[in-house]
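# An overview of the molecular structure
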Amino acid sequence: GNGNTWTQYSVNFASGSSTQMSVGFKLGSSSGTGPTVQWDTLRVTQLASVPTIALSPTSLAPSCTQGSNAAGQTFTVRNSGTGTLSYAISDNASWLSCSPTSGTSTGETDTITVTYSTSGLSAGTYNATITVSDPNASNNPQAVAVTLTVNPSKLTVAEDFTSMPS
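Residues numbered from 1 in each chain as written. Predicted model: local features only at pLDDT ≥ 70, side-chain atom pairs only at ≥ 80, totals over all residues. Heavy atoms only, no water.

## Comments concerning the packing of aromatic side chains
Tallied over the full model, the rule gives two aromatic pairs. When the ring of Trp-95 is compared with that of Tyr-116, the centres are 6.4 Å apart and the planes differ by 25 degrees; the resulting orientation is stacked. Of this pair, Trp-95 sits in the loop between β7 (85-91) and β8 (96-99) while Tyr-116 is found in strand β10 (residues 109-116), placing the two residues 21 residues apart along the sequence. Using a relative accessible area of 3% as the deciding quantity, one classes Tyr-116 as buried. (Phe/Tyr/Trp six-rings, centres within 6.5 Å; stacked < 30°, edge-to-face > 60°. Helix = DSSP H or I, 4+ residues; strand = E, 2+ residues; numbered from the N terminus. Buried < 20%, exposed > 50% of the residue type's maximum accessible area, 1.4 Å probe, protein only.)

## Considering the sheet that holds strand β3 (residues 53-56)
Reading across the sheet, the four strands line up as β3-β6-β10-β8 and stay open at both edges, with antiparallel pairing between neighbours. The two strands at the open ends of the sheet, each matched to only one other strand, are β3 and β8. Each strand of the sheet is rotated relative to its neighbour by a mean of 25 degrees, with strand direction disregarded. Two elements, strand β6 (residues 73-79) and β10, share six bridges in a ladder whose sense is antiparallel. Across the sheet, the residue bridging to Thr-76 is Thr-111, located in β10. (Pairing = 2+ DSSP bridges. Axes fitted to C-alpha atoms, helices over the stretch in contact; angles between N-to-C directions.)

## A few points about the pairing of strand β11 (residues 124-133)
In this sheet, β11 lies alongside β7 in antiparallel orientation, the contact comprising four bridges. If you follow Ala-88 over to β11, its bridge partner there is Ser-133. As paired elements, β11 and strand β12 (residues 142-151) share nine bridges and run antiparallel to each other. Along β12, the bridge assignment pairs Thr-125 with Thr-149.

## Notes on the nonpolar core
Counting 26 residues, the largest nonpolar core has Phe-75, Trp-95, Leu-96 and Ile-130 as the members making the most contacts within it. Residue assignment for this core shows that the elements contributing at least two residues are β3, β6, β7, β8, β10, β11 and β12. Sort the elements by how many residues they give to this core and β12 lands first, with four residues. Here Leu-96 is in contact with Asp-91, Val-114, Thr-115, Tyr-116, Ala-128, Ile-130 and Val-146, once residues within four sequence places are set aside. (Core = buried A, V, L, I, M, F, W, Y, C linked by side-chain atoms within 4.5 Å. Contact = heavy atoms within 4.5 Å.)

Written as C-alpha cells, this is what we have:
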C-alpha cells in the first residue's frame, strides 16, 4: 500500500514453476502512544483451467467418381488452452465416419481419420459437418466443414462398323 491507499498486485505463476511471492506490511504513522498498524487481506487464487479446441484444417474437400469411395482424409485436434481438453466427435452425414470419436489433449496433437462411404451416391455436391465438442472448452463447439464432390462416371461406347449391313 501507499499510505492509507492499498494497491492490488497480480502475479502469474507458471505451472510447475518455483516462483515465490513476498508480502510485506508497512506500519502506518505514529499516533499518540505508538504506530498504527494497517491490515489487509492477502488472497492467493488459482485460475481455472480452460481448454480451447484447435482444429487443422477446418475444411475438407474430398472428391470421387460415381460408384467409388472417396479417399480417406485426416484432420487434427489439439488443446491450445490450459488443462485437459476432453473432446467428442460427431457428424451429420451417413456417408462419412471419424475415428476415433473421442479423446483428450493437454497440448499434444491428435490425428482423426475420416473415412468416406460414397460408392452409392449419385453425381453431385454434398455437404456435411464434423463437430468437435467439449462443454468445458472456451470455444465449444468447433466444426470441420466437408464438401464432397461426386463426379459422374464416364461411359465409353465402342462401335464396330465392320459388321454393319451394306
